[in-house]
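Structure assessment
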Amino acid sequence: MWPLVHAVTAFFDGLIGLFGGMHPLVGLTVVSILTGGIMLVIFRYTSNQKAIAAAKARIKAYILEVRLFQDDLGLQMAAQRRILLTNLNYMRHALIPMFVMLIPVLVILIQLDVRYARRPFEPGERTIVKVRLNGDTDPSALSMRVPEGLVAETPPLRIAGDGEVDWRIRVEKEGVHELAFDLDGGDPVMKRVVAGGGLTKLAQGRYTDNILSIWTHPAEPPLPGDSKIRSIEINYPDRDLSVWGFGMHWLLVFFVVSVAFGFSIKGLVGVEV
């Protein structure tokens, strides 16, 4: 499964990398536009377009009926009931396309999240490194080696009852640094720490190998399934995207642009939404 996720991640690396020297919003906007087009195509070929068009026409007719018979409460109530039932029927026809769209949209959202939700550390910033072990593993057997460019400011805090070991580290230099974790004389387990530089994918953590963790954490390979280390986590700072001087979450930009683009071209491609 990881080779597939890695290939998808490499595709997004190449696509977003085309705009690497520009403002982060440029790449985000391009991906949002492409997503809007993809959603429209999926909706077109997985929905009953004739039934949707007929339902919309009936809803318009019933709304007109409500306006025409404002003095007749009985006719108005009947028309509103038909509007509600027709809306439910319209939603039924839209459910299948929505479920089909869910998978590719989730993959896109995850790929964008590892790039736009957080930023690399700056020299002088600190974070907590949190390692969780399997229940039968002694936390005192775990040690961490820190490369040049990072400093461990505290000795390990071992929480035996939870199988957890924590360190506080400080970033001293820009670059991609590799923390190494040694346990019981086995091969070291690595965790990347990124400081400085432009837009790049960032892994909040590495987790043991399972389908969910592989797809939801694509920035670094998963830990081996037989590893005694269950997870290694660090907290990157949140990224602040500025739009005309106003901070804005990347998800808002994504949904506004993708939905607006889809609706703007639906008439040109003949799609009933």
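Please refer to the structure placed before this passage.
The following refers to the structure shown. Only a predicted model underlies this, so the values are computations on that prediction, with no experimental measurement involved.

Scoring rules and cut-offs
Residues numbered from 1 in each chain as written. Predicted model: local features only at pLDDT ≥ 70, side-chain atom pairs only at ≥ 80, totals over all residues. Heavy atoms only, no water. Axes fitted to C-alpha atoms, helices over the stretch in contact; angles between N-to-C directions. Helix = DSSP H or I, 4+ residues; strand = E, 2+ residues; numbered from the N terminus. Parallel < 35°, antiparallel > 145°, perpendicular 65-115°, else oblique. Left-handed = near helix turned anticlockwise from the far one by under 90°. Contact = heavy atoms within 4.5 Å. Nonpolar A, V, L, I, M, F, W, Y, C, P; charged D, E, K, R; others polar. Polar contact = N/O pair within 3.5 Å; in protein donor to acceptor, adjacent residues only side chain to side chain. 1 Å grid on protein atoms, 1.4 Å probe; cavity = no way out; pocket = protein on both sides within 12 Å on 5 of 7 lines; lining within 4 Å. Points joined across faces, edges and corners; volume = space filled by probe spheres on them. Phe/Tyr/Trp six-rings, centres within 6.5 Å; stacked < 30°, edge-to-face > 60°. Lys NZ or Arg CZ within 6 Å of the ring centre and 35° of its normal. Core = buried A, V, L, I, M, F, W, Y, C linked by side-chain atoms within 4.5 Å. Buried < 20%, exposed > 50% of the residue type's maximum accessible area, 1.4 Å probe, protein only.

**Overview of the packing of helix α3 (residues 49-68) against helix α4 (residues 73-116)**
At a minimum axis separation of 9 Å, α3 and α4 run at an interaxial angle of 160 degrees. When the interaxial angle is binned, α3 and α4 end up roughly antiparallel. Seen from above, α3 lies across α4 with left-handed handedness. The segment α3 lies against α4, with A51, I52, A55, K56, R58, I59, Y62, I63, E65 and V66 engaging L75, Q76, A79, Q80, R82, I83, T86, N87, N89, Y90 and H93. Taken together, the residues of the contact of α3 with α4 break down into 11 nonpolar, 6 polar and 4 charged.

**Quick word on the side chain of D182**
Note on placement: D182 falls in strand β6 (residues 175-183). A polar side-chain atom of D182 sits 2.7 Å from a polar atom in the side chain of R145. Once residues lying within four places of it in the same chain are set aside, the contact partners of D182 are A141, L142, S143, R145 and P188.

**Overview of the packing of helix α1 (residues 2-17) against α4**
Two elements in contact, α1 and α4, have axes whose closest approach is 11 Å; the angle formed by their N-to-C orientations is 60 degrees. Compared by their axis directions, α1 and α4 come out oblique. The two elements α1 and α4 meet at a crossing, and its hand is right-handed. Contact residues: V8, T9, F12, D13 and I16 in α1; V107, I108, Q111, L112, R115 and Y116 in α4. Of the residues that constitute the contact of α1 with α4, the class distribution is 7 nonpolar, 2 polar and 2 charged.

**Some points on empty space enclosed by the protein**
Counting across every chain of the model gives 1 cavity of 30 Å³ or more. When its volume is computed, the largest cavity comes out at roughly 40 Å³. Every residue lining the largest cavity is listed: G205, R206, Y207, S213, I214, H217, E220, P221 and P222. Those elements that place two or more of their residues in the lining of the largest cavity are β8 (205-207) and α5 (211-216). Among the elements that line the lining of the largest cavity, the one with the most residues is β8, at 3 residues. Looking at the lining of the largest cavity residue by residue, the class counts come to 4 nonpolar, 3 polar and 2 charged.

**Section: the packing of aromatic side chains**
As enumerated under the stated definition, the model contains 5 aromatic pairs in all. Seen from their ring centres, F254 and F255 are 5.2 Å apart, and the 75 degrees between their planes marks the pair as edge-to-face. Positioned above the aromatic ring of Y45, the side-chain terminus of R44 is 5.2 Å from the ring centre.

**Here we look at the nonpolar core**
Core analysis: the biggest nonpolar cluster contains 24 residues, and V129, V131, L142, F181 and I229 have the highest contact counts within it. Only β1 (126-133), β2 (142-145), β5 (164-171), β6, β7 (189-195) and β9 (229-233) provide two or more residues apiece to this core. If near-sequence neighbours (up to four positions away) are discounted, L142 is found in contact with V131, L133, R158, V165, W167, F181, D182, L183 and I229. V8, I16, L28 and L112 belong to the second largest nonpolar core, which has 18 residues in total.

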